[in-house]
Structure formats: structure tokens, C-alpha cells
Amino acid sequence: TTKFKDGLSKTSTAFTEKIETLVLRRKKIDEDFYEELEEILIGADVGVNVVMELIDELRTEVRKRKIEDAVDLQPVLSEKLVELLSGKEDNSLNIQESGLTVILFVGVNGVGKTTTIGKMAHRFNSEGKKVLLAAGDTFRAGAIEQLEVWGDRVGVDVVKQQAGSDPAAVIYDALQAAKKREADILLCDTAGRLQNKTNLMEELNKIYRVIKREVPNAPHEVLLVLDATTGQNALSQAKLFGEKTGVTGLVLTKLDGTAKGGIVVAIRNEMDIPMKFVGLGEQMDDLQEFDSEQFVHALFA
Ligand code: GDP
């Protein structure tokens, strides 16, 4: 879609232009060509391991298909990228047919958690679902107000307590409110301070237990929000949270703000958790289901 293309324009400009220049300059596929291609891919934050694998596969294909001209390599490259990205394709959300669906959002401060919740609230609200938000980040100054701004914008209610209160208690309140009002979707914000990780993980576990006790089989999704502009940091956060908090899906934000969108490839390759959504801007509509083919096509658009 054009949205994907627009959102990925920084990455695709950097990536595609560099590859095209390389192809025009080098003409022939030789060692220097591979070396420069490697640099371009690493520069786009595709990740060293993946790049090595990719280059190896390109070499094999080049030999097999007897490709000599550099121009003929580009389609093979996009083919290989699609292959690398696919296989873990599942951007659907586990939404209950009837009754309440609880979605928990986790991730470090500043990655775009609140914004993503706002966008998601808008999406469900537009589908005619009854949405409720839980202001579970009671730690970061302004987090509750910011969620309320999104609630107003989208037209959904926010369950909150005062700053500093027990997040699990806020979530408990929100679960009661959601049941009483027969809400379809409850989106829960959580704190994301990275200093003293242990406390944060304990806090998330407590929230998790409260949800489990109140709603059978919930939380239905635990979405880890990652910031694409932080490059390899996003990958280390994925590993950190992925191991500890029962994450069921990833949301990669701010892809529009970076030329290093190759991080998508690195994350997809190193994590078994599916990438469900990507953030392509700050507005309500700037949330897209992740699709590997669309992604690669947008890169070479
Ligand atoms: P939180 O601390 O994780 O809740 O992060 P916020 O939701 O407050 O987002 C931090 C900043 O990133 C805000 O200025 C958002 O507008 C911005 N932001 C969030 N998602 C995106 C995105 O997909 N694209 C862009 N360009 N900015 C985003």
C-alpha cells in the first residue's frame, strides 16, 4: 500500500539509492561488489548475522543462475529478503468472538507505547467495538494525562488512579469496569522504566496475574512495543522482554523516522515472536499490519 511506501521512504531512499548506485558503478558482481553490498545492508541495520547469511545465499544464487551483471541481482536480493522475512507470518490479533479481550502493552519509555494504544483504540473503535483504556503506567510523569488525551481524541474512556498508585490495582479496576460496561476490548498501558529492571518485571508479573485471575485465558495478547529508530537496541529490548514477559507479538514504531528500517529484518530473523504491527507516523491512522512482501516491495519502490 502507499502508506507502507510513504512510511518507509527514508529507509527505501537510503537503501535503494545506495544499491542502485552500487550496481551502476560496479556493473560486474565481484568481491568488491559483495563487500559494498554488505556495508549498505549493515548500514540499514539489517544486522551482521543476517547480512552474512544473505550474502552467502546471494553467492549461491549467482552461481546457480549464472548471473554476471549486477543489475540482475536486485530481483534476487528482494526475493531473498522476502524469504528471510516470511515464515513467521502472523499479524492477526487474538480477539475474542464474544466477551472481553484484554491486550497488555509492554516496552521501554519513549518507544511509542501510549501512541500505539491510542492508534489501536481508534482502530477497534472504528470497527464498532467498545474499547476501554487502562492507565497502568502510574510511574512516568504525564503518562496518565497523555493516555487521556488519546482517549479524548479517539472517544474512548480511560480508567485511572492517581500517579504513583499500584499499577496492578489500576488494571484490576479497569477489568471490573470493562466487565460492568460489557466492553469488547481493554487496552492496558504499563510502565517502562528501564532502570531497576527487576522491579519492572515483578510489576508486570503482578499485572499479568491479576488479569489471569479476573478473565480466563487473558491477557489475550501481550504486545511488546519497540522503537525502530533505536536500531540494534530495539533488538536487545526484544530479547530482554521476550524472555520474561510472555510477549505474543511485536509492534515496531517510528519506521517513518529512520533510514535503518532494516532492523525489521534483524528482529524477524532473531526472534520467534511475530511482528504484528508497525508504526508509520504520529497520527491515529499511522498503524499498519506488518506484511513482509509489502515491506520488501516498499523498500525497492
Ligand atoms: P511511550 O513513552 O512508550 O508511551 O511513548 P509515546 O507514545 O509517548 O511516544 C513517544 C514519542 O514518539 C511521541 O512524540 C510520539 O508522537 C512518537 N511516536 C510514537 N509512535 C510513532 C511513529 O510510529 N512514528 C513517529 N514518527 N513518531 C511516533
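By the naming in an unreviewed UniProt entry, the protein goes by Signal recognition particle receptor FtsY and is assigned to Chengkuizengella marina. What UniProt records for the protein under Sequence similarities (unreviewed entry) is the sentence "Belongs to the GTP-binding SRP family. FtsY subfamily." Its UniProt record, at the heading Function (unreviewed entry), says of the protein: "Involved in targeting and insertion of nascent membrane proteins into the cytoplasmic membrane. Acts as a receptor for the complex formed by the signal recognition particle (SRP) and the ribosome-nascent chain (RNC)."

1. With respect to the sheet that holds strand β4 (residues 185–188)
One open sheet accounts for eight strands, arranged β3-β2-β4-β1-β5-β6-β7-β8; its pairing is mixed. The sheet is open, and its two borders are formed by β3 (157–159) and β8 (287–289), each paired with just one other strand. Between one strand and the next, the sheet's axes are offset by a mean angle of 25°, whatever the strand orientation. Strand direction decides the pairing type here: strand β2 (residues 131–134) and β4, joined by four bridges, are parallel. When the bridges of β4 are listed, valine 131 appears paired with isoleucine 185.

2. Description of the site of the ligand
Around the ligand, a shell composed of 17 residues is seen, among which Gly110, Thr114, Thr115, Gln146 and Glu282 lie nearest. Here an oxygen atom of the ligand and a side-chain polar atom of threonine 114 are 2.5 Å apart. One of the backbone N or O atoms of glycine 281 is found 3.2 Å from an oxygen atom in the ligand. In isolation the ligand offers 590 Å² of accessible surface; the protein chains occlude 81% of this area. No other element matches helix α6 (residues 113–126), which puts four residues into the shell around the ligand. A class-by-class count of the residues in the shell around the ligand yields three nonpolar, eight polar and six charged.

3. Examining the pattern of salt bridges
When charged atoms on two side chains of opposite charge get close, those side chains can pair. The final tally for this structure, using the stated rule, is 24 salt bridges. Residue aspartate 137 is joined to arginine 140 by a salt bridge in which the shortest nitrogen-to-oxygen separation is 3.8 Å. Among the residues examined, aspartate 137 registers a relative accessible area of 3% and is labelled buried. Put simply, Glu57, Glu61, Lys64, Arg65, Glu79, Lys80 and Glu83 are held in one network by salt bridges that share partners.

4. Description of the nonpolar core
Ranked by internal contacts, the top residues of the largest apolar core, which has 107 residues, are Leu37, Leu187, Leu252, Ile267 and Phe295. Tallying contributions element by element places helix α5 (residues 73–85) first for this core, with seven residues. Look past the residues within four positions of leucine 37 in its chain and what remains in contact with it is Ile19, Leu22, Ile55, Leu58, Leu73 and Leu77.

5. Describing the environment of glycine 155
Following the sequence through the fold, glycine 155 ends up in the loop between α7 (143–154) and β3. Here glycine 155 falls in the exposed class, since its relative accessible area comes to 55%. Sequence-wise, glycine 155 and isoleucine 19 are 136 residues apart; in three dimensions their C-alpha atoms are separated by 45 Å.

Rules and cut-offs
- Residues numbered from 1 in each chain as written.
- Predicted model: local features only at pLDDT ≥ 70, side-chain atom pairs only at ≥ 80, totals over all residues.
- Heavy atoms only, no water.
- UniProt positions renumbered as here; feature names shortened; annotations may be inferred.
- Pairing = 2+ DSSP bridges.
- Helix = DSSP H or I, 4+ residues; strand = E, 2+ residues; numbered from the N terminus.
- Axes fitted to C-alpha atoms, helices over the stretch in contact; angles between N-to-C directions.
- Near = heavy atom within 4 Å.
- Polar contact = N/O pair within 3.5 Å; in protein donor to acceptor, adjacent residues only side chain to side chain.
- Areas by Shrake-Rupley, 256 points an atom, 1.4 Å probe, with all protein chains shown as cover.
- Nonpolar A, V, L, I, M, F, W, Y, C, P; charged D, E, K, R; others polar.
- Salt bridge = Lys/Arg side-chain N within 4 Å of Asp/Glu carboxyl O.
- Buried < 20%, exposed > 50% of the residue type's maximum accessible area, 1.4 Å probe, protein only.
- Core = buried A, V, L, I, M, F, W, Y, C linked by side-chain atoms within 4.5 Å.
- Contact = heavy atoms within 4.5 Å.

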